[in-house]
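The chain contents come next:
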Amino acid sequence: MKTEINPFLIQQYQSPAYFCDRISETNTLLENIQNNSNTAFFAQRRIGKTALIQHVFHQLAKKKTMTIYIDIYATQNLKAFTNQLANSIYNLYPVNKSLGKRFLEAIKLLRPIISLDEITGNAELSLDITQPKQFEKTIPQLLQFLDQQPTRTVIAIDEFQQILEYPEQNVEAILRTAIAPLKQTSFIFCGSNQAMMQTIFNAAKRPFYASTKNINLHKIDSGLYTQFIRKKIKEHQRTISDVAVEQILILTQSHTYYTQCLCNTIFASNIKNIELEHVYQALNKILSQNEGSYYQYRQLLTSAQWQLLRAIALEGTVDKPYAQQFIYRHQLGTPANVKRSLEALIQKEMVYQNTNLKSPYLEVYDKFLMLWMQHK
Ligand SMILES: Nc1ncnc2c1ncn2[C@@H]1O[C@H](COP(=O)(O)OP(=O)(O)OP(=O)(O)O)[C@@H](O)[C@H]1O
Ligand SMILES: [Mg+2]
C-alpha cells in the first residue's frame, strides 16, 4: 500500500504544493534578485522565514541561478562564518568539474582542508585562517570568485543577527565592503531578532544602513490559510467542517508552525470527516506531549515572570501591558514590576513584541504553551 504523505509539513520545505501563499513576498524577493538588490527581513520565530527562502530558491532553480543558503545561528566568530561560506561554495560546485577545481585553485593559498563530516558523511572544507587581517581579504576573495562566474548567485544568510555576537569589532564593515562591489551576486539577510536586525540595518551610523530593500513577513492571511487547509484535506478525499478550520486558525493565531503542527496532527489521526471535536483531540495530544517542557520553563522563570506570561497567555494578545486594568485583573503588582518581567520575557524569547505594526502588541511566542496556560 502506498503510504500517504501528510500534506502539512512541520519540517523542511518540500515544494510549492505544500506551501501556502507568500506570493507577494516571493515576487518581491525575485524582483530584488533580478535587479541585483539585497533584501533584508526579520520576522518572529517559526513564522516561515526559512521556508520562504527555500520557496524562492525553488523558483530560482528554473532560472539557472546558483543559490547558497547558510544558517549562521551556531557560528561564534568570523572564522566560523568564513568557513561556512567557503564550505557552501565548495559544495555548490562538484570537485571533479572544472569550476570546482578552479575554486580550490583560487583558495589554494588559504590552505583548504577537506574532511568528512562524521555525522552526515559529506565532505567539509575549512580554511586555515589565523590572523584577523586575513578575514578582510578572504571574504571578498570568496565572493569575487562567485561574482566572476557566468551565472548569477544568490546567497541567503539566515539568523544574520548572529554577527553582532562575534567578538571581532568590524564584522559589519568587512561584510559590507566585500558585498558592495559585487555585480551579479545578491543577498538575502534574514533574522528573527527584531532589535538586533534593526540595529544592523536601520541605524544610520552602521555599515549596512540603507543598503538593502526590506520586506515585511507577517502571519499568513487567515482567508488564504483556510483555503489551503481545505484544499489539502480535499486532495486526500477527506472533509473538514467550517468551524473546525476556523478554530484551528483561532487557536494557533495563524502562526505558521503551530497551525501546520495542529493540522499535521489532525491529519495523522486519519479521521475522514474532520469536526471541531477532532481539532481539540489533536490539540490535547500535542499539549500533553509537550507538558514536560512547560514545567521546565516554569522552573527557569521567576514567579513574577511566570505570572506575567500567564496573564498574556490568558488575554491572547496585549497592547497595553502597563494599563491599570490589565495589572489589576492579573494581580501583577506595579507597572515597574511588569516592565522588569516583560523585558526578561522578551529577552528570553518567551514573549514576542510586535513593534512592526501600526498598533504594536505582545503575545506568547509559543502558541501551544499559550494554549496550555489557558487551559490549566
Ligand atoms: N507558507 C507556508 N505554507 C506552509 N507551511 C509553511 C509555510 N511557511 C512555513 N511553513 C512551515 O512551517 C514551519 C516553520 O517554518 P520555518 O522553519 O520556515 O520558520 P522560521 O521562521 O524560519 O522559524 P525559526 O525562527 O525557528 O527559524 C516549517 O515546517 C515550514 O515547512
Ligand atoms: Mg528559520
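Given the structure is predicted, the values throughout are model-derived calculations rather than measurements. (Residues numbered from 1 in each chain as written. Chains lettered and ligands numbered in written order. Predicted model: local features only at pLDDT ≥ 70, side-chain atom pairs only at ≥ 80, totals over all residues. Heavy atoms only, no water.)

### Concerning the overall build of the chain
The criterion, for reference: Here a strand is any run of E in DSSP of at least two residues, a helix any run of H or I of at least four, and the numbering for each starts at the N terminus. C-alpha atoms define the radius of gyration in this analysis, and the globule rule sets the expected value at 2.2 Å times the number of residues to the power 0.38. Burial status follows relative accessibility: with a 1.4 Å probe on protein chains alone, a residue under 20% of its type maximum counts as buried, one over 50% as exposed, and anything between as partly exposed. Any two residues whose heavy atoms approach within 4.5 Å are treated as being in contact. In these tables, accessible area is a Shrake-Rupley quantity obtained with a 1.4 Å probe, and a residue counts as shielded only by the protein chains included in the view. Residues counted as positive are Lys and Arg, residues counted as negative are Asp and Glu, and His and the chain ends are not counted. The atom standing in for a charge is NZ when the residue is Lys, CZ when it is Arg, CG when it is Asp and CD when it is Glu.
Each helix and strand counted, the chain has 15 helices and 12 strands in total. A compact globule built from 376 residues would reach a C-alpha radius of gyration of about 21 Å, and the chain, at 23 Å, matches this within 12%. Projecting the C-alpha coordinates of the chain onto the three principal axes gives extents of approximately 65 × 60 × 40 Å. When burial is assessed residue by residue, the chain has 48% of its 376 residues classed as buried. Across the chain, the fraction of contacts at a sequence separation of at least 24, relative to all contacts at a separation of at least 6, is 72%. For the chain, the exposed surface amounts to about 19,400 Å²; the carbon and sulfur share of it is 51%. Between the centroid of the 40 positive side chains of the chain and the centroid of its 30 negative side chains there is a distance of 4 Å.

### Considering the environment of Tyr-258
With respect to the helices and strands, the residue Tyr-258 is situated in helix α10 (residues 256-268). Taking C-alpha positions, Tyr-258 is 6.5 Å from Lys-367, a pair spaced 109 residues apart along the chain. The contact partners of Tyr-258, leaving out residues within four places of it in the chain, are Arg-46, Thr-252, Tyr-365, Asp-366, Lys-367 and Phe-368.

### Examining the side chain of His-55
Counted only if it meets this: Counted as a polar contact is a pair of N or O atoms within 3.5 Å, where, for protein atoms, one must be capable of donating a hydrogen and the other of accepting one, and residues adjacent in sequence contribute only when both atoms are in side chains.
Along the chain, the position of His-55 falls in helix α2 (residues 49-60). Judged by relative accessible area, which is 9%, His-55 ranks as buried. Looking at His-55, its side chain comes within polar contact range of the side chain of Tyr-13, at 2.7 Å.

### Describing the sheet that holds strand β12 (residues 361-364)
Cut-off, in case you're wondering: Note on pairing: DSSP must find at least two bridges between two strands before they are called paired. Axis definition: a line fitted to C-alpha atoms, over the contacting stretch in the case of helices. Angles run 0 to 180 degrees between N-to-C directions.
Sheet architecture is open: three strands sit in the order β10-β12-β11, paired in antiparallel fashion. The strands lining the two open edges of the sheet, one partner per strand, are β10 (317-318) and β11 (351-354). Bridging between β10 and β12 involves two bridges; their strand directions are antiparallel. Bridge pairing in β12 links Val-318 to Leu-362. Relative to the sheet, helix α12 (residues 303-315) contacts β10, β11 and β12, its axis offset from that of β12 by approximately 100°.

### Things to note about the sheet that holds strand β6 (residues 185-191)
The strand order across the open sheet built from five strands is β2-β5-β6-β1-β7, with neighbouring strands paired in parallel fashion. Since the sheet does not close on itself, it has two edges, and those belong to β2 (66-71) and β7 (213-214), each with one partner. Note: β2 against strand β5 (residues 153-158), six bridges, orientation parallel. Each bridged residue has a counterpart across the sheet, and for Tyr-69 the counterpart in β5 is Ala-156. Those strands touched by helix α3 (residues 78-92) are β2 and β5, and its axis lies near 145° from that of β2. Across the sheet, helix α7 (residues 194-202) touches β1 (39-42), β6 and β7, and the angle it forms with β1 is around 155°.

### What about the site of ligand 1?
Note the cut-off: Only a single heavy atom is needed: when it lies within 4 Å of a molecule or strand, its residue is near that molecule or strand. Classes in brief: Ala, Val, Leu, Ile, Met, Phe, Trp, Tyr, Cys and Pro nonpolar; Asp, Glu, Lys and Arg charged; the others, Gly included, polar.
Taken together, 20 residues sit near ligand 1, with Gln-11, Cys-20, Lys-49, Thr-50 and Ala-51 positioned nearest. Separating an oxygen atom of ligand 1 from a backbone N or O atom of Ala-51 is a distance of 2.7 Å. For ligand 1, the protein covers 89% of the area, taking 630 Å² as the surface of the free molecule. When residues of the shell around ligand 1 are traced back to their parent elements, those giving at least two are α2 and α10. Within the shell around ligand 1, the residues separate by chemical class into nine nonpolar, six polar and five charged.

### Some words on the domain arrangement of the chain
Many structure descriptions define interface size as the accessible area lost when the parts assemble. Quick reminder of the rule: For the purposes of this description, domain bounds are those given by an automatic or database domain assignment. Two parts placed together each lose some accessible area under a 1.4 Å probe, and the buried area is that loss summed for both.
Looking at the assigned domains, one finds that the chain contains domain 1 (22-214), domain 2 (220-292) and domain 3 (301-376). One C-alpha centre belongs to domain 2, the other to domain 3, and the line joining them spans 26 Å. The interface of domain 2 with domain 3 comprises 12 residues on the first partner and 11 residues on the second. For the domain 2 and domain 3 pair, buried surface summed over both sides reaches about 1,100 Å², with 68% attributable to carbon and sulfur atoms. Ranking the residues of domain 2 by area buried against domain 3 places Gln-253, Tyr-258 and Leu-287 at the top, with a combined share of 50%. Counting across the domain 2 and domain 3 interface gives three residue pairs in polar contact (both at pLDDT 80 or more). Of all the elements in the fold, those that place two or more residues in the side of domain 2 that touches domain 3 are α10 and α11 (276-300). Per-element accounting of the side of domain 2 that touches domain 3 gives the leading share, five residues, to α11. Here the residues of the side of domain 2 that touches domain 3 are counted per class, giving seven nonpolar, four polar and one charged.

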